[in-house]
Amino acid sequence: MDKTRLGIGLVVVVLLLQTLATLVWGADATLTGIALAFNAVAAVSAFLFVRRGGQAAWVVAGWCAGFFGWHVLGLGELAGWWTTGLDSAFVVGGGFQVSVAYQAVLATAAGFAVHLLLPRQRQVSET
């Protein structure tokens, strides 16, 4: 499996988990709506990326970077490193340990997706 397919697979996993968690444990109607809208736009971006044969990977990588930042923000909120006032948005399943695990797994998956999807410069050897 090549890195682009693996990256898109991670994007799909992140989107599915986030959408499921939002629908099941959404605490606030406004945050739920915003989360679902962001997930929908990211899903469309990922779909278009796949249809175009891997062109414009930076768009999908940008969405994943945003998801990475959101889940890192959630981890910091749950750890008490900072206070954003969005603590209810980061609690999943009503439990602290489940929430921390969820935020850590999704931050890691989104971070790896960014790493896998960003275009690389090819090394040109001088011979």
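See the structure printed just above.
To keep things clear, this report deals only with the structure shown in the data block. (Residues numbered from 1 in each chain as written. Predicted model: local features only at pLDDT ≥ 70, side-chain atom pairs only at ≥ 80, totals over all residues. Heavy atoms only, no water.)

1. A short note on the environment of L10
Alright, step 1. Residue position: L10 is located in helix α1 (residues 3–25).
Alright, step 2. With 75 residues separating them along the chain, L10 and G85 place their C-alpha atoms 29 Å apart.
Alright, step 3. Setting aside its immediate chain neighbours within four residues, L10 contacts A109, F112, A113 and L116. (Helix = DSSP H or I, 4+ residues; strand = E, 2+ residues; numbered from the N terminus. Contact = heavy atoms within 4.5 Å.)

2. So, a nonpolar patch on the surface
Alright, step 1. A cluster of nonpolar side chains, L20, L23, V24 and W25, forms an exposed patch at the surface whose accessible area comes to about 430 Å².
Alright, step 2. With respect to the helices, strands and loops of the structure, W25 is situated in helix α1. (Patch = residues over 30% accessible without salt bridge, like charges linked within 9 Å, V, L, I, M, F, W, Y side chains within 5 Å. Areas by Shrake-Rupley, 256 points an atom, 1.4 Å probe, with all protein chains shown as cover. Salt bridge = Lys/Arg side-chain N within 4 Å of Asp/Glu carboxyl O.)

3. Comments concerning helix α5 (residues 96–117)
Alright, step 1. A rise of 1.5 Å per residue sets the reference length of α5, with its 22 residues, at 32 Å; its end C-alpha atoms lie 31 Å apart and thus fit the reference within 8%.
Alright, step 2. Residues S99, Y102, Q103, L106, A107, A109, A110, A113, V114, L116 and L117 constitute the buried set of α5. (Expected span 1.5 Å × (residues − 1). Buried < 20%, exposed > 50% of the residue type's maximum accessible area, 1.4 Å probe, protein only.)

4. A look at the side chain of E77
Alright, step 1. Tracing the chain through its elements places E77 in helix α3 (residues 57–79).
Alright, step 2. We classify E77 as buried; its relative accessible area is 11%.
Alright, step 3. Contact partners of E77, with chain neighbours within four places excluded, come to W82, T83, T84, G85, D87 and F90.

5. Structural notes on α3
Alright, step 1. For α3, with 23 residues, the first-to-last C-alpha span of 32 Å sits near the 33 Å given by 1.5 Å per residue.
Alright, step 2. Residues A57, V60, A61, C64, F67, H71, G74, G76, E77 and L78 constitute the buried set of α3.
Alright, step 3. The inward-facing, buried residues of α3 abut α1, α2 (29–51), α4 (87–90) and α5.
Alright, step 4. G80, located one to two residues past α3, shows a positive phi value of around 85 degrees.

6. As for the packing of aromatic side chains
Alright, step 1. Following the criterion strictly, the structure yields four aromatic pairs and no others.
Alright, step 2. Look at W70 and F90: their rings are 4.7 Å apart centre to centre, the planes differ by 45 degrees, and that puts the pair in the tilted class. Residue W70 is located in helix α3, and its partner F90 is located in helix α4; the two are separated by 20 residues in the primary sequence.
Alright, step 3. Residues W81 and W82 carry aromatic rings whose centres are separated by 6.0 Å and whose planes lie at 65 degrees to one another, so their mutual orientation is edge-to-face.
Alright, step 4. In this structure an aromatic cluster arises from ring pairing among F38, W63 and F67. (Phe/Tyr/Trp six-rings, centres within 6.5 Å; stacked < 30°, edge-to-face > 60°.)

7. Notes on the nonpolar core
Alright, step 1. In terms of nonpolar packing, the biggest core is built from 23 residues, with V11, F49, V60, C64, F67 and L117 touching the most fellow members.
Alright, step 2. Of all the elements in the fold, those that place two or more residues in this core are α1, α2, α3 and α5.
Alright, step 3. Ranked by residue count, the leading element in this core is α5, at eight residues.
Alright, step 4. Filtering out sequence-adjacent residues up to four positions away, L117 remains in contact with T4, G7, I8, V11, F49, A57, V60 and A61. (Core = buried A, V, L, I, M, F, W, Y, C linked by side-chain atoms within 4.5 Å.)

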